[in-house]
Amino acid sequence: MTPGTDNNDLFENLRLELRRGSLVLAVLTALRKEQYGYTLRKTLAEHGMTIDEGTLYPLLRRLESQGLLASEWREEEKRNKRFYRLSPEGKAILKQLLAEWQSINLSLNKML
Amino acid sequence: MDLIDRYAKAVAKALPQDQREDIVGELSEDIRSEIEDREKELGRQLTNDEQESLLKQRGNPLIVAARYRQDHRTVSFGRQFIGPVLYPFYIKVLSFNLGLTFLVIAIIFTALAVSGQKLGFHDIVSTSLLQLFIQLVVVTIIFSVVETHLKTHPDSWHLKATGGGLALDLKTKKDAKLRVTGAMIGRRPEVSRFESVSIIVASIVAIVWLTAVQNNQFLILGPAVAFLKLAPIWHRIYFPIVLLTVAEIVRAVINLVRPDWTRFRAIWRLVVQAGGLAIVYFLVKAGNWVAVADAVANRASDYARAVVIVNECFYYALLATAILSAAMLILRIVGFIKRRRWQGGSHRVGSAAQERN
């Protein structure tokens, strides 16, 4: 393996790590408005946060089990879809997380 | 059952029972939404090939299911032998095998104890540990081979023609496509190369084990070998069993080279299964499956009760095997006839369509 490939792999791993950390924030933000999985995926992709379904759905389940999301199955266009939205607890956590993120952003901008 | 259902079913099989319905419902909905979106973009329905490629992009159903599981345990000795994707299957197979083995050991020891034979704690422990070791090593080796294959070729998989199960494919072409039943997309169905290799390996292990048992009956009777021996019927059926096993190896080798010979496999399997049933029939008819060992022949009456009880156990086990084998053979014959009729029908429809074109 060449040093160039090593660097690329390292960058890719660090990039994924960075995005993974922001993903929860992105999902919670997008779910201030109720959506089902596929439209959520599209919303995130439209805003440059592409996420594959194998990552998104387990994450949604985890956030729901943590009480940050609420979901319900409903029929829409003759098909059963599972709609997600922020729970009251999720709203409170999102507020705190956004404040934290802004603080990190501010600090980084000062350093750059 | 359409392609999406087959894919979802393959994922479902690797999911915990309590979450299965929920996850599969959501996953199917996501796939259908994506297909609908693509169709809107293109202004037409997606072809089967396009649907296949879309499912292929989603990844191996085993890996997809593993992402939903909380349990990420592995088997590692220095390096990882079995990863979190296969771990639940590994535990299931190991538990089943060990459960069955210990049940047989328990029956034999109970029979011996009931008949008044003296059994040492050491005998029970050594037999159980030996079986535990053999099962652990064999099952771990098989699963670590599958794990290596899964890691090296994560995209090498297809949905089986029957029942929507998942099969790994030993084809290593980078552009290997998701192959589904030929009936659905007008291609010929194929025998999975993974299945063929597994049968070859399992059959060779079976022959080695059978041969070893011929010379060392401890492998099957445990410490009871001190006063029991296998009856002559087992020696008589040794070659027929080896012959059938070799026949299965030959078939698997042929299917490895020609995976498209599915009808050949179906016919061959019927012949082998009928042969197996005939062997079970002769076994049931034999009446005696164990006898008093030569070393204690002068005290045969002491062990007569043990021999009777073990033989009774063998009788009921063989009877159950015979009934199951017969039922399976009938089901296979019915399935084979149905497929032949159906393929005949679809061939006629295909010919008619070609004529129209």
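Look above for the structure.
Residues numbered from 1 in each chain as written. Chains lettered and ligands numbered in written order. Predicted model: local features only at pLDDT ≥ 70, side-chain atom pairs only at ≥ 80, totals over all residues. Heavy atoms only, no water.

Peer 1: Describe the overall build of chain A, and please don't skip the residues or the numbers.
Peer 2: Of the regular secondary structure elements, chain A holds four helices and three strands. Along its sequence from the N terminus, chain A presents helices and strands in the succession α-β-α-α-β-β-α. Per-residue burial over chain A gives 33% buried out of 112 residues. Of all intrachain contacts in chain A linking residues separated by at least 6 positions in sequence, the fraction that spans at least 24 positions is 46%. Per element, the accessible surface of chain A, about 7,400 Å² overall, is 56% carbon and sulfur. (Helix = DSSP H or I, 4+ residues; strand = E, 2+ residues; numbered from the N terminus. Buried < 20%, exposed > 50% of the residue type's maximum accessible area, 1.4 Å probe, protein only. Contact = heavy atoms within 4.5 Å. Areas by Shrake-Rupley, 256 points an atom, 1.4 Å probe, with all protein chains shown as cover.)

Peer 1: Give me the side chain of E248 of chain B: which residues, what numbers.
Peer 2: All names here are of chain B. Structurally, E248 is set in helix α11 (residues 238-257). Polar side-chain contacts of E248 include one of 2.9 Å to the side chain of R251. Once residues lying within four places of it in the same chain are set aside, the contact partners of E248 are I199, S203, W268 and V272. (Polar contact = N/O pair within 3.5 Å; in protein donor to acceptor, adjacent residues only side chain to side chain.)

Peer 1: Lay out the nonpolar core in plain terms, naming residues and giving numbers.
Peer 2: By size, the foremost hydrophobic cluster in this structure holds 54 residues, and its most contacted members are V27, L44 and L60 of chain A. The element best represented in this core is helix α1 (residues 3-30) of chain A, accounting for seven residues. Apart from the residues lying within four places of it in its own chain, the contact partners of L60 of chain A are V27, L31, L40, L69 and Y84 of chain A. Formed by 28 residues, the second largest nonpolar core is a distinct cluster that contains L228, L283, A293 and L318 of chain B. (Core = buried A, V, L, I, M, F, W, Y, C linked by side-chain atoms within 4.5 Å.)

Peer 1: Which residues make up the interface of chain B and chain A, and what values do they have?
Peer 2: Taken together, the contact between chain B and chain A spans 15 residues of the former and 17 residues of the latter. Each partner contributes to the roughly 1,600 Å² buried at the junction of chain B and chain A, and carbon and sulfur atoms together form 43% of this total. Applying the counting rule to chain B against chain A returns ten salt bridges. Among the salt bridges present, the one from E26 of chain B reaches R82 of chain A, with a minimum N-O distance of 3.8 Å. The tally of links between chain B and chain A comes to 13 residue pairs in polar contact (both at pLDDT 80 or more). Of all elements in the fold, only α2 (17-42) and α4 (61-68) of chain B reach the threshold of two or more residues within the side of chain B that touches chain A. (Buried area = accessible area lost by both parts, 1.4 Å probe. Salt bridge = Lys/Arg side-chain N within 4 Å of Asp/Glu carboxyl O.)

Peer 1: Tell me about the sheet that holds strand β3 (residues 79-86) of chain A, residues and numbers included.
Peer 2: Residues and elements named next belong to chain A. Pairing in this open sheet of three strands is antiparallel, and the strands run β1-β3-β2 from one edge to the other. In the strand order of this sheet, the two ends are held by β1 (35-36) and β2 (69-76), each with one partner. Pairing of β1 with β3 involves two bridges; the strand directions are antiparallel. Counterpart to Y36 in the pairing with β3 is F83. (Pairing = 2+ DSSP bridges.)

Peer 1: Give me the lowdown on the pattern of salt bridges, citing residues and values where you can.
Peer 2: Evaluated as defined, the whole model comprises 26 salt bridges over all chains. Of the charged contacts, one joins K229 of chain B and D294 of chain B as a salt bridge, the two residues approaching to 2.9 Å between their closest N and O atoms. Highlighted residues: K229 of chain B in strand β5 (residues 228-230) and D294 of chain B in the loop between β6 (290-292) and α13 (300-356), separated in sequence by 65 residues. Taken together, the shared-partner salt bridges connect R41 and E53 of chain A together with D30, E34, R38 and R58 of chain B into one network.

Peer 1: Please give an account of the packing of aromatic side chains that cites residues and values.
Peer 2: Following the criterion strictly, the structure yields eleven aromatic pairs over all chains and no others. Three or more aromatic residues joined by ring pairs form one cluster here, namely Y87, Y90 and F143 of chain B. One Lys or Arg, R74 of chain A, reaches over the ring of F83 of chain A and ends 4.2 Å from the middle of that ring. (Phe/Tyr/Trp six-rings, centres within 6.5 Å; stacked < 30°, edge-to-face > 60°. Lys NZ or Arg CZ within 6 Å of the ring centre and 35° of its normal.)

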